[in-house]
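Residue-level structure breakdown
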Amino acid sequence: MTTPIRLQACGFTHADGTCALQPTDLSVEAGETLALLGPSGCGKTTLLRLVAGLARPDPGGCVLFDGRDVTDLPVERRNVGMVFQSYALFPNLDVAGNVGYGLKIRRVPPGERAARVARMLAMMRIQELAHRRVDQLSGGQKQRVALARALAVEPAVLLLDEPLTALDAKLREQLRVELAGLLRSLRITAIFVTHDQGEALALGDRVAVMRAGRIEQVGSPHEIYHRPRTRFVASFVGILNLLEGEVADGLFRLPGGSLPASGVAPGPAVLACRPEQLRLDPSGTLAGRIAAAFFLGDRTRLVVEGAAAQPIVVETVAAAPRPGEVVRLAAEPGCPWPLPPA
Ligand SMILES: Nc1ncnc2c1ncn2[C@@H]1O[C@H](COP(=O)(O)OP(=O)(O)OP(=O)(O)O)[C@@H](O)[C@H]1O
Ligand SMILES: [Mg+2]
């Protein structure tokens, strides 16, 4: 019972003429989790609404579930579970009533219904709230009720719009792990929207990066991070150092020294590197001064000035140098790399 999803030329234009989504093709395989990542207003919720059946694509667009055209099928006949940004809980029902609602509609017998509701509440760690009214819940608790409600019916397709944003860091991490396990074990096809790049890379089997109503790149988390196809994807996902310098004799010359630049054409160049592709190394060929150090717990993020025209971000797990100290940097093989087109 696992459903591949396909969008063909699905665009969406609002009544006032605003194009929220350009005609878009997208395939999500059966059982796959796709993370949708992109800046505010780029069309993520719009895309989810088209998949759910809450909005109809512009003429010419079509939505396929398992190869079947569902463009004209209303939301209640698509077997989708949804968690939207606004939660949309039923205010007149308590927590258990909300979570069990879909099961009741589907005429699941009361005994089994109660057991499934209890399982969902336990998973979301809100058992003790079963009989609380939803207007007496915090944002994070409402979010968990919405998730439990969506999952309770074991939908073929699960659509999540920033499902973990209202949670504290610890709970978010726990639910992220459980959600990932659940999506895998139930083989639910899922699309989830997040603003959090780390979450997209960690939870998505694939990640789609959107920009201004278009999908700019779809790929594995590894591809998106290490082989971004556009400059926008490169700079939107993760931290990116942009280095402006001059390539000559296989070296990339920068204000604070040089880095190897094999295979890059000679002349002025802007090359890129991720923080973890650089390391502090006393024999490094690029020197700079620590401008700031941010202790992140498991590592320290350093901002190095003077090495390049712009400050460079580097991370270290060892004892961190202090602001003002001069450090030397070395780069991994293949780094820095040429930037993709804008
Ligand atoms: N009723 C409306 N009429 C006109 N334009 C709208 C309407 N609703 C949304 N839009 C526009 O459609 C575009 C896409 O909106 P959408 O909600 O899909 O963005 P989003 O990527 O989900 O953003 P966010 O991350 O802030 O939730 C936005 O530019 C938004 O301003
Ligand atoms: Mg949105």
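Owing to the predicted nature of the structure, the values given are computational and were not obtained by experimental measurement. (Residues numbered from 1 in each chain as written. Chains lettered and ligands numbered in written order. Predicted model: local features only at pLDDT ≥ 70, side-chain atom pairs only at ≥ 80, totals over all residues. Heavy atoms only, no water.)

**Concerning the packing of helix 2 (residues 95–105) against helix 3 (residues 110–123)**
Close contact between helix 2 and helix 3 brings their axes to 9 Å; oriented N to C, the two are set at 125°. In terms of orientation, helix 2 lies oblique with respect to helix 3. Both helix 2 and helix 3 take part in a crossing whose hand is right-handed. Of the residues in helix 3, those in contact with V95, A96, V99, G100, L103 and K104 of helix 2 are R113, R116, V117, M120 and L121. (Axes fitted to C-alpha atoms, helices over the stretch in contact; angles between N-to-C directions. Helix = DSSP H or I, 4+ residues; strand = E, 2+ residues; numbered from the N terminus. Parallel < 35°, antiparallel > 145°, perpendicular 65-115°, else oblique. Left-handed = near helix turned anticlockwise from the far one by under 90°. Contact = heavy atoms within 4.5 Å.)

**A word on the side chain of R274**
Topologically, R274 is positioned in the loop between strand 14 (267–273) and strand 15 (278–280). For the buried R274, no salt bridge exists, and the shortest N-O distance to an oppositely charged side chain is 5.4 Å, to E276. Among the polar contacts made by the side chain of R274, one reaches the main-chain carbonyl oxygen of Y225 at a distance of 2.9 Å. Polar contacts involving the side chain of R274 include one to the main-chain carbonyl oxygen of V237, which spans 2.8 Å. (Buried < 20%, exposed > 50% of the residue type's maximum accessible area, 1.4 Å probe, protein only. Lys, Arg positive; Asp, Glu negative; His and termini not counted. Salt bridge = Lys/Arg side-chain N within 4 Å of Asp/Glu carboxyl O. Polar contact = N/O pair within 3.5 Å; in protein donor to acceptor, adjacent residues only side chain to side chain.)

**A few points about the site of ligand 1**
The local shell around ligand 1 holds 14 residues, among which S40, G41, K44, T45 and T46 are the closest. Taking H14, its side chain carries an N or O atom lying 3.3 Å from a nitrogen atom of ligand 1. Within the side chain of T46, an N or O atom sits 2.5 Å from an oxygen atom of ligand 1. If ligand 1 stood free it would expose 650 Å²; the protein chains cover 63% of that surface. (Near = heavy atom within 4 Å. Areas by Shrake-Rupley, 256 points an atom, 1.4 Å probe, with all protein chains shown as cover.)

**Points about unusual backbone geometry**
Here the bond from C335 into P336 is cis, since omega is 0°, no more than 30 degrees from zero. Positive phi outside glycine occurs at A9, with the angle close to 45°. Within the fold, A9 resides in strand 1 (residues 5–13). Positioned with a positive phi, R125 is a non-glycine residue whose angle comes to about 60°. For R125, the position within the fold is in the loop between helix 3 and helix 4 (139–152).

**Thoughts on the domain arrangement of the chain**
Annotation of the chain at the domain level lists domain 1 (5–230) and domain 2 (241–338). Distance between the C-alpha centres of domain 1 and domain 2: 39 Å. (Domains from an automatic or database assignment.)

**Observations regarding the sheet that holds strand 8 (residues 189–194)**
The six strands lie next to each other as 6-7-8-3-9-10, forming an open sheet whose pairing is mixed. What marks the edges here is a single partner per strand, and that holds for strand 6 (80–83) and strand 10 (214–219). Pairwise comparison of adjacent strand axes, ignoring direction, gives a mean angle of 15° for this sheet. Here strand 3 (residues 33–37) runs beside strand 9 (residues 206–211); their pairing, made up of four bridges, is parallel. When the bridges of strand 9 are listed, A35 appears paired with V207. (Pairing = 2+ DSSP bridges.)

**Section: the packing of helix 4 against helix 5 (residues 169–186)**
Interhelical geometry of helix 4 versus helix 5 gives an angle of 5° and a closest axis separation of 13 Å. Judged by the inter-axis angle, helix 4 sits roughly parallel to helix 5. Contacts between helix 4 and helix 5 involve R144, L147 and L151 from the first element and L171, L175, L179 and L182 from the second. Looking at side-chain class alone, the contact of helix 4 with helix 5 contains six nonpolar, no polar and one charged residues. (Nonpolar A, V, L, I, M, F, W, Y, C, P; charged D, E, K, R; others polar.)

**Observations concerning the nonpolar core**
Counting 51 residues, the largest nonpolar core has V95, V99, M124, L147, L151, L158 and V209 as the members making the most contacts within it. A total of seven residues in this core trace back to one element, the largest contributor, which is helix 4. In this structure, L50, A55, F65 and A156 belong to the second largest nonpolar core, which totals 31 residues. (Core = buried A, V, L, I, M, F, W, Y, C linked by side-chain atoms within 4.5 Å.)

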